[in-house]
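Below, each chain spelled out in residue letters.
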Amino acid sequence: MRKRNESVTVEHERAAAAPVSLDKGCSLRHSLRLPAADTGMKRPLGRRYGLWFRLRKLIIWLLGVYIAIPFLVKLCPAIQAKLVFLNFVRVPYFIDLKRPQDQGLNHTCNYYLQPEEDVTIGVWHTVPAALWKNARGKDQLWFEDALGSSHPVILYLHGNAGTRGGDHRVELYKVLSSLGYHVVTFDYRGWGDSIGSPSERGMTYDALHVFDWIKARSGDNPVYIWGHSLGTGVATNLVRRLCERETPPDALILESPFTNIREEARSHPFSVASIQYFPGFDWFFLDPITTSGIKFANDENVKYISCSLLILHAEDDPVVPFHLGKKLYNIAATSQSFRDYKVQFVPFHTDLGYRHKYIYRSPELPRILREFLGKSEHEHHH
């Protein structure tokens, strides 16, 4: 009986001591259990705290990026140059630039020219629609000889991003071809399948090389230069140089032009939204553009150009604001270099919805070109 009572007493003491245990350091370790009601109250508080902690980390990360980007751009001007050129953006993707016929250009030939050593540029030559049937199956030599036919030539200089196969660009080639023009266009070094590193000087030299290549084959046929967006900067650089060497083109057409790259960068929607939030915006973002040697000074170039000038601009252009095109026109119209030449500005109303790259859709475009270039209407072929 006594042993039994001692056994019960020992078991009772073990049971009573169960919640308390000793760790290796001989300190007490308590197993605490919270009531079910308390646990239910703690969980929402813990969840809210976890959400706030993650949100705070996100805010701190965004603030770090906000502070770091301006300094990164300032320290690495090449980043800003990339943002100006956007040559790494290839749209549309997965097209073979060697096959313009895949884009509906069955009367177009793909060439490769070499303006400088280690530089190769891809070129498309679209003949007038009147020569469409004759062009089928012909080689490069036939297309080069065709430049000597009695049709004017337009050298088209595209804007940043994309390639010579961009959708809106292809549609313009078709319109100009239907109006009786040869259209020669190319990708600057570093764009599309062209080899080389992009720079303003390099782009201008590529354009000069193609112009001279055209003139060597076109005889006495008129050669016009058409620049769009960033291509207007290349166009005025080119034409200024041609005028200085006394070989001007027959006319210059600027679609959606700006005054200079600094004003354009400052007027871009992203910049307008950022200026009020970035103290020292010019120092951080605009000065690196100049440091990179990028100017595209249309406003200065037009003071040295002596040929007819046509400016086309849509009022609802969200990329190059309309007021910059108008400002460029006012500078050109009062320049002594244009005193013997026609200078014309054609606006397109907001309701038309042509924005930055759809002026080719205008049914008035054939008439505008015919009246400005002083040519009779060409027969349309589809």
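Here the structure is shown first, and the text comes after it.
Before going into details, it helps to say that this report is about the structure given with it. (Residues numbered from 1 in each chain as written. Predicted model: local features only at pLDDT ≥ 70, side-chain atom pairs only at ≥ 80, totals over all residues. Heavy atoms only, no water.)

## So, the environment of Asp-250
The following threshold applies: A run of DSSP states H or I qualifies as a helix once it reaches four residues; a run of E qualifies as a strand once it reaches two. Both are numbered from the N-terminal end. Classification of residues uses two cut-offs on accessible area relative to the type maximum, computed with a 1.4 Å probe and protein chains only: under 20% is buried, over 50% is exposed, and between them is partly exposed. Should any heavy atoms of two residues lie within 4.5 Å, those residues are considered in contact. Pairs of N or O atoms are called polar contacts if they sit within 3.5 Å, as long as, within protein, a hydrogen donor faces a hydrogen acceptor (for residues adjacent in sequence, only side-chain-to-side-chain pairs).
As for its position among the elements, Asp-250 is in the loop between helix H8 (230-244) and strand S8 (251-255). Residue classification places Asp-250 among the partly exposed positions, given a relative accessible area of 40%. Apart from residues lying up to four places away in sequence, Asp-250 is in contact with Asn-221, Pro-222, Val-223, Tyr-224 and Ser-308. A polar side-chain atom of Asp-250 sits 2.8 Å from the main-chain amide nitrogen of Val-223.

## Considering the packing of aromatic side chains
This is how the line gets drawn: Here the aromatic set is Phe, Tyr and Trp, taking the six-membered ring for Trp, and pairing holds for ring centres within 6.5 Å; pairs whose planes are under 30 degrees apart are stacked, those over 60 apart are edge-to-face, and all others are tilted.
Per the counting criterion, the structure on display carries twelve aromatic pairs. Ring centres of Tyr-329 and Phe-345 lie 5.6 Å apart, and the angle between their planes is 40 degrees; this geometry places the pair in the tilted category. Remark: Phe-345 occurs in strand S10 (residues 343-348) and Tyr-329 occurs in helix H13 (residues 322-333); sequence separation between them is 16 residues. Overall, Phe-345 belongs to the buried group, its relative accessible area being 13%.

## Structural notes on the nonpolar core
Heads up, the rule is: Here, nonpolar core means buried Ala, Val, Leu, Ile, Met, Phe, Trp, Tyr and Cys residues that are tied together by side-chain atoms lying within 4.5 Å of each other. An automatic or database domain assignment provides the domain bounds reported here.
In this structure, Phe-85, Leu-155, Leu-157, Phe-186, Ile-225, Leu-252 and Phe-296 are the most contacted members of the largest nonpolar core, which totals 59 residues. In terms of domain composition, this core takes at least three residues from each of domain 1 (53-85 + 261-294) and domain 2 (95-259 + 296-373). Core analysis: the second largest hydrophobic core is formed by 30 residues, Tyr-156, Val-170, Ala-251 and Leu-373 among them.

## Here's the deal with the packing of helix H7 (residues 200-218) against H8
Applied cut-off: Here an angle of 0 to 180 degrees is reported between the N-to-C directions of two axes, which are lines fitted to C-alpha atoms, with helices fitted over the stretch in contact. Roughly parallel means an angle under 35 degrees; roughly antiparallel, over 145; roughly perpendicular, 65 to 115; everything else is oblique. Crossings are sorted by hand: turned counterclockwise from the far helix by less than a right angle, the near helix makes the crossing left-handed, and turned clockwise it makes it right-handed.
For the pair H7 and H8, the least separation of the axes is 9 Å and the interaxial angle reads 60 degrees. Put simply, H7 runs oblique to H8. Considering the relative orientation of H7 and H8, their crossing is right-handed. Contacts between H7 and H8 involve Glu-200, Met-203, Thr-204, Tyr-205, Ala-207, Leu-208 and Phe-211 on the former and, on the latter, Leu-230, Val-234, Asn-237, Leu-238, Arg-241 and Leu-242.

## Overview of the pairing of S10
Our working rule: Criterion used throughout: strands pair if DSSP finds at least two bridges between them. The definition of a right-handed crossover adopted here requires that, viewed with the strands pointing away, the path from the first strand over the helix to the second runs clockwise.
Bridge count for strand S9 (residues 308-314) against S10 is six bridges, and the pairing is parallel. What sits directly across from Leu-310, in S10, is Gln-344. In this fold, the crossover linking S9 to S10 by way of H13 has right-handed handedness.

## What to know about the side chain of His-182
As for its position among the elements, His-182 is in strand S6 (residues 182-186). A polar contact of 3.0 Å, which involves the side chain of His-182, links it to the backbone oxygen of Ala-146. Excluding residues that lie within four positions of it along the chain, His-182 makes contacts with His-125, Thr-126, Val-127, Pro-128, Leu-131, Ala-146, Leu-147, Ser-149, His-151, Pro-152, Val-153 and Ile-154.

## A word on the pairing of S8
Counting buried positions along S8 gives five out of five residues, so the element sits mostly inside the fold. Burial along S8 is two-sided: Ala-251, Ile-253 and Glu-255 facing one way and Leu-252 and Leu-254 facing the other are all buried. Sheet topology places strand S7 (residues 223-228) next to S8; five bridges connect them, and they run parallel. Paired with Ile-225 across the two strands is Leu-252, which belongs to S8. Where the polypeptide runs from S7 across H8 and back to S8, its parallel neighbour, the crossover connection is right-handed. Where S8 lies against S9, five bridges are found, and the strand directions are parallel. Each bridged residue has a counterpart across the sheet, and for Leu-252 the counterpart in S9 is Leu-309.

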